[in-house]
Amino acid sequence: MIPYGRQSISSTDIDAVVEALQGDFLTTGPLVEKFEKSISILSDAPSVAVSSGTAALHCAYAAIGVEPGDEIITPPITFIATQATAALFGASIRFADVDKFTGLMDPTEVESKISKKTKAIVAVDYAGQVCEMEQLRKIADKYGVYLIEDAAHSLGSTYFGQNVGSIADITTFSFFPTKNATTGEGGAISSHDPELLDKARKFARQGLVRNKESFRIQSEGIWHQEVHRFGLNYRLPDVLCALGISQFARLHEFKAKRQTIFDRYVSAFESESSVQTIKVLPNRSTHWHLFPIFVEKNQRMRVFNGLRESGIMVQVNYLPAYRHPVFKNSDDIRGEFPNSEQFYESEISLPMYSDLSSRDQDVVIEKVLNLVRV
Ligand SMILES: *Cc1c(COP(=O)(O)O)cnc(C)c1O
């Protein structure tokens, strides 16, 4: 069986976790701060470690103060966490269609969805490729709204030489096993705005205020801590931070290996007109998370099932978010998103992970070509 994604765990990763287990702290200890430093170096912005990519998004929306009545603009082609965590704060979700060759939110579509209620534009770096951030920044500034980057796919990517994490007002990462680096479950928030980052951190730490200067109750002893706004427990344990630190030291290796796999797929399908690959945009260095291919809509089910039947665990990323039954007007709005529909109906994500051997990759390539040539 060849999975579509999987972690790469080395003996140094294992040693790091064992050492943490033998230490004094299982959860909040010195490795949390150390891991946050590794994230900050990579994202080129101060960062907070949290327990998942979903938690990171929830913290980002808490930081900008999403409230009932606010609207956020998101692409349909994403994991539902992008929308769910804002909807849970009462936000209305507005969708902006994607480019059909990249799956990235189209800035023109975004601008057409701006209203007086818009709180934030939330871009998703599909497959690891950074969105049209320059255009999105201009729109965000023009209308005075926040720009959030869901970089669950794009840890280690760059845009005009800038590291992902330092571009948007807030960037969120995921360290799920299939993502570019893993802590099992885990995530992070990066931001150059100290106030936003402080709000995100507090939300992830039960809302607890610990510094004396900020106390509103002055009469208590040194045990005292107090809450001004509710938060949740989204801490990332020390043991998982140990894995994260070790994984981040291997990120360049991961990126290079994923690039090699990406290039091999592209050259294998170059001369096959019935298999399209993702459009690669200029001015970026991408840490590829997914390898999407596009086949004829009426062939997708057969090709997908054929691959699964031969033990190749392909995926489809993603069902356009508005089609989830939680969105009640799904059927009425489908027609507004022809590119997202086209993208979803023809997409298959092939196995893509740093330890994918060239032999296994050849098996995938051969099977795909056999299936599409029928
Ligand atoms: C994986 C993912 C998330 C959620 O991350 P978790 O760590 O699984 O909670 C959010 N957005 C996108 C685009 C993702 O791919």
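Residues numbered from 1 in each chain as written. Predicted model: local features only at pLDDT ≥ 70, side-chain atom pairs only at ≥ 80, totals over all residues. Heavy atoms only, no water.

**Student:** Explain the overall build of the protein chain residue by residue, including any values.
**Tutor:** Looking only at helices and strands, one finds 13 helices and 15 strands in the protein chain. Expected size for 374 residues packed as a compact globule is a radius of gyration near 21 Å; at 21 Å, the protein chain falls within 12% of this value. Summarising its shape, the C-alpha atoms of the protein chain cover approximately 80 × 55 × 35 Å along the three principal directions. Across the 374 residues that make up the protein chain, the buried fraction comes to 55%. For the protein chain, long-range pairs separated by at least 24 residues make up 71% of all intrachain contacts whose partners lie at least 6 apart in sequence. Carbon and sulfur atoms make up 52% of the accessible area of the protein chain, which amounts to about 16800 Å² in all. A gap of 2 Å separates the mean positions of the 39 positive and 46 negative side-chain charges of the protein chain. (Helix = DSSP H or I, 4+ residues; strand = E, 2+ residues; numbered from the N terminus. Rg over C-alpha atoms; globule rule 2.2 N^0.38 Å. Buried < 20%, exposed > 50% of the residue type's maximum accessible area, 1.4 Å probe, protein only. Contact = heavy atoms within 4.5 Å. Areas by Shrake-Rupley, 256 points an atom, 1.4 Å probe, with all protein chains shown as cover. Lys, Arg positive; Asp, Glu negative; His and termini not counted. Charge placed at Lys NZ, Arg CZ, Asp CG, Glu CD.)

**Student:** Can you break down helix H13 (residues 358-372) residue by residue, with the values?
**Tutor:** Along its 15 residues, H13 runs 21 Å from first to last C-alpha, staying within 8% of the 21 Å computed at 1.5 Å per residue. Gln361, Val364, Ile365, Val368, Leu369, Leu371 and Val372 are the residues of H13 that are buried. Take H13 and look down its axis: the buried residues cluster within an arc of 165°, on one side only. Residues of H13 that are exposed and point over 90 degrees away from its buried face: Arg359 and Glu366. Buried residues in H13 make contact with helix H9 (251-269), strand S14 (291-294), helix H10 (297-309) and strand S15 (347-350). (Expected span 1.5 Å × (residues − 1). Arc of directions from axis to C-beta.)

**Student:** I'd like a rundown of the site of the ligand, residues and numbers included.
**Tutor:** Near the ligand there are 16 residues, and of these Gly53, Thr54, Asp150, Ser174 and Lys179 occur at the shortest range. Between the ligand and Ser174, the relevant distance is 2.7 Å, taken from an oxygen atom to a side-chain nitrogen or oxygen of the residue. Take Lys179: an N or O atom from its side chain is 3.0 Å from an oxygen atom of the ligand. Protein chains bury 92% of the 380 Å² of accessible surface belonging to the ligand in isolation. For the shell around the ligand, the leading source of residues is helix H3 (residues 53-64), giving three residues. Residue composition of the shell around the ligand, grouped by class: six nonpolar, eight polar and two charged. (Near = heavy atom within 4 Å. Polar contact = N/O pair within 3.5 Å; in protein donor to acceptor, adjacent residues only side chain to side chain. Nonpolar A, V, L, I, M, F, W, Y, C, P; charged D, E, K, R; others polar.)

**Student:** Could you give an account of the nonpolar core, naming the residues involved and the relevant values?
**Tutor:** Residues Ile121, Met133, Phe269 and Leu350 are the most contacted members of the largest nonpolar core, which totals 75 residues. Setting aside chain neighbours within four positions, we find Met133 in contact with Ala123, Leu147, Glu149, Tyr159, Ile167 and Ala168. With 34 residues, the next largest nonpolar core counts Ala60, Tyr61, Ile72 and Phe95 among its residues. (Core = buried A, V, L, I, M, F, W, Y, C linked by side-chain atoms within 4.5 Å.)

**Student:** Mind laying out the packing of aromatic side chains, listing which residues take part and the relevant values?
**Tutor:** Scanning the entire structure with this criterion turns up 17 aromatic pairs. When the centroid spacing of 5.5 Å and the interplanar angle of 85° are considered together, the rings of Phe175 and Phe248 count as edge-to-face. With a gap of 73 residues between them, Phe175 in the loop between strand S8 (170-174) and strand S9 (187-190) and Phe248 in helix H8 (residues 238-248) connect regions that are remote in the sequence. Through a chain of ring-to-ring contacts, three or more aromatic side chains come together here, namely Phe262, Tyr265, Phe269, Trp288 and Phe291. One cation-aromatic arrangement involves Arg300 over Tyr344; the distance from NZ or CZ to the ring centre is 5.0 Å. (Phe/Tyr/Trp six-rings, centres within 6.5 Å; stacked < 30°, edge-to-face > 60°. Lys NZ or Arg CZ within 6 Å of the ring centre and 35° of its normal.)

**Student:** Let's hear about the side chain of Asn317: which residues, and what values?
**Tutor:** Its location among the elements puts Asn317 in the loop between H10 and helix H11 (330-333). Residue Asn317 is classed as buried on the basis of its relative accessible area, which comes to 6%. At 2.6 Å, the side chain of Asn317 and the side chain of Ser349 are in polar contact. Those residues in contact with Asn317, other than ones at most four positions away along the chain, are Tyr4, Ile77, Tyr126, Leu290, Phe343, Glu347 and Ser349.

**Student:** Hey, could you go over H10 for me, with residue numbers and the actual values?
**Tutor:** Over its 13 residues, H10 extends 19 Å from the first C-alpha to the last, a length consistent with the 18 Å expected when each residue adds 1.5 Å. Contacts made by the buried residues of H10 are with helix H12 (338-346), S15 and H13. Gly311 sits one or two residues past H10 and shows a positive phi near 85°.

**Student:** So, the pattern of salt bridges: which residues are in play, and what are the values?
**Tutor:** With the rule as written, the count across this model stands at 19 salt bridges. For Arg250, the salt bridge goes to Asp13, with nearest N and O atoms at 2.8 Å. Of this pair, Arg250 sits in the loop between H8 and H9 while Asp13 is found in helix H1 (residues 11-22), placing the two residues 237 residues apart along the sequence. On the basis of relative accessibility, which here comes to 11%, the residue Arg250 falls in the buried class. (Salt bridge = Lys/Arg side-chain N within 4 Å of Asp/Glu carboxyl O.)

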